[in-house]
Amino acid sequence: MSLSIGIVGLPNVGKSTLFNALLGKAQAAASNFPFCTIEPNVGIVPVPDARLDVLAKLENSAKIIPTTIEFVDIAGLVKGAHEGEGLGNQFLAHIREVDAIIEVARFFADKNVIHIAGDIDPKSDSETINTELVLADLQTIDKRISREEKEVKTNPKLKPKIDFYRHLQQHLNQGLSARVIPVTDEEKIWLKESQLLSAKPILYVANVDYQQLNDPEVLMPLKNILQIDEANIIMVNAKAEAELIDLPPIEQAEYLKELGLNEPGLNKVIKAGYKLLNLITFLTTGPTETKAWTITVGTKAPQAAGVVHTDFEKGFIKAEIVSYEDFVAAGSTKKATELGKVRQEGKDYVMRDGDVAYFKFNL
């Protein structure tokens, strides 16, 4: 699925370092000066899923294929971006193209890494970014209202739509993101049509140092912003994560232990990003391969089959489904079938995360 997450933030907060760590290689330049990143860097990252290893072992699969997610490292933003300051126009255009946002907030202090505002103030940094997105959205809504006002004169049925846009305009004028405005099903369609930047799902990543990593009190400056934005935050030491990827597995485990972590912080970012896009995973397994497949929440069995192959959806007959937990408890497809754990599901079945599926179809 061609869904992507844009990594945004002020210059020199660690966006490119985080991006490189996610990719496991230095694809994006990470330097100590503003606007080091101009054109966005794009990377495809595998989604960590321990279930794949378990299924592959049970089925003696020849290979394992994880699902993936696309991350985009976007140029740093500065105050006045909505008016073209810095690389504002490019920044906003690139955000418009992604499906969700990871906003990196700098908490670490390092005299060797300059901060564009001089002081380390994650609250102020986040307010700057969110304000610029809202101001850009106000420009978009102002133009849309002006256009709709002309059309409503000849088509009165458009009045509820323009009333919603005026309400949305008032909401944005309060400095609030479009993602938190209450909407009806019909208004949800109009909101989506608007393609507003602040309507995109958002996840915050706090880029911290070694001492801050396991201290949740460090995040207090963003408490109100997180509550207002109805958003989650993940603490990551991007520098340490970038160093971690170059180590052999044994040394990685030792390094994680020193950091007080059970797994790399990047895994949490990737999984949270996957969830941010409203995605779930179903699985297929056998001697040839064990593979993870990406679908959106609410996808029905025929459409899930179509993700495997378009012909599967066209000729869909039924899906044989067993939950991951039941499959593992049984130990094999054959045993799960014997125990009655494999269900026969039709066209209206809504797929669940962790479904192990086998699709039957005719051509």
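Residues numbered from 1 in each chain as written. Predicted model: local features only at pLDDT ≥ 70, side-chain atom pairs only at ≥ 80, totals over all residues. Heavy atoms only, no water.

> Give a detailed account of the pairing of strand E2 (residues 41-46), specifying residues and quantitative values.
Of the two faces of E2, the one holding Asn41, Gly43 and Val45 is buried and the one holding Val42, Ile44 and Pro46 is not buried anywhere. Across six bridges, E2 lies against strand E4 (residues 68-73) in antiparallel orientation. In the sheet register, Val42 faces E4, and the bridge partner there is Val72. (Buried < 20%, exposed > 50% of the residue type's maximum accessible area, 1.4 Å probe, protein only. Helix = DSSP H or I, 4+ residues; strand = E, 2+ residues; numbered from the N terminus. Pairing = 2+ DSSP bridges.)

> Please provide a residue-by-residue account of the nonpolar core, values included.
Ranked by internal contacts, the top residues of the largest apolar core, which has 60 residues, are Leu18, Leu22, Ile69 and Phe71. The contacts of Leu18, once residues within four sequence positions are left out, are Ile7, Val104, Val205, Val236, Ala238 and Leu266. In terms of nonpolar packing, the next biggest core, distinct from the first, is built from 15 residues, Phe282, Ala304, Phe316 and Met351 among them. (Core = buried A, V, L, I, M, F, W, Y, C linked by side-chain atoms within 4.5 Å. Contact = heavy atoms within 4.5 Å.)

> Can you tell me about unusual backbone geometry, naming the residues and giving the values?
Positive phi, normally seen in glycine, also occurs at Asn12, with a value near 65°. Topologically, Asn12 is positioned in the loop between strand E1 (4-8) and helix H1 (15-23). Accessibility expressed as a relative area gives 12% for Asn12, which makes it buried. Within the chain, Asn278 stands out as a residue other than glycine whose phi angle is a positive 65°.

> Explain the packing of helix H5 (residues 159-173) against helix H6 (residues 185-194) residue by residue, including any values.
Following both chains from N to C, one finds H5 and H6 inclined at 65°, their axes separated by 11 Å at the closest point. With respect to H6, the element H5 is oriented roughly perpendicular. Considering the relative orientation of H5 and H6, their crossing is right-handed. On H6, the residues that touch Pro160, Lys161, Phe164, Tyr165 and Leu168 of H5 are Glu187, Trp190, Leu191, Glu193 and Ser194. The class makeup of the residues in the contact of H5 with H6 is six nonpolar, one polar and three charged. (Axes fitted to C-alpha atoms, helices over the stretch in contact; angles between N-to-C directions. Parallel < 35°, antiparallel > 145°, perpendicular 65-115°, else oblique. Left-handed = near helix turned anticlockwise from the far one by under 90°. Nonpolar A, V, L, I, M, F, W, Y, C, P; charged D, E, K, R; others polar.)

> Explain the pattern of salt bridges to me, and be specific about the residues and the numbers.
Taken as a whole, this structure holds 15 salt bridges when the rule is applied. Among the salt bridges present, the one from Glu338 reaches Lys335, with a minimum N-O distance of 3.9 Å. Note that Glu338 and Lys335 are positioned in helix H14 (residues 333-338) at a spacing of three residues, about one turn of the helix. The class for Glu338 is exposed, based on a relative accessible area of 52%. Salt bridges linked by common partners bring Glu149, Lys159, Asp163 and Arg166 together as one network. (Salt bridge = Lys/Arg side-chain N within 4 Å of Asp/Glu carboxyl O.)

> If you had to explain H1 to someone new, which residues and values would you point to?
When you tally the buried positions in H1, you get eight out of nine residues, the bulk of the element. For H1, the full list of buried residues reads Lys15, Ser16, Leu18, Phe19, Asn20, Ala21, Leu22 and Leu23.

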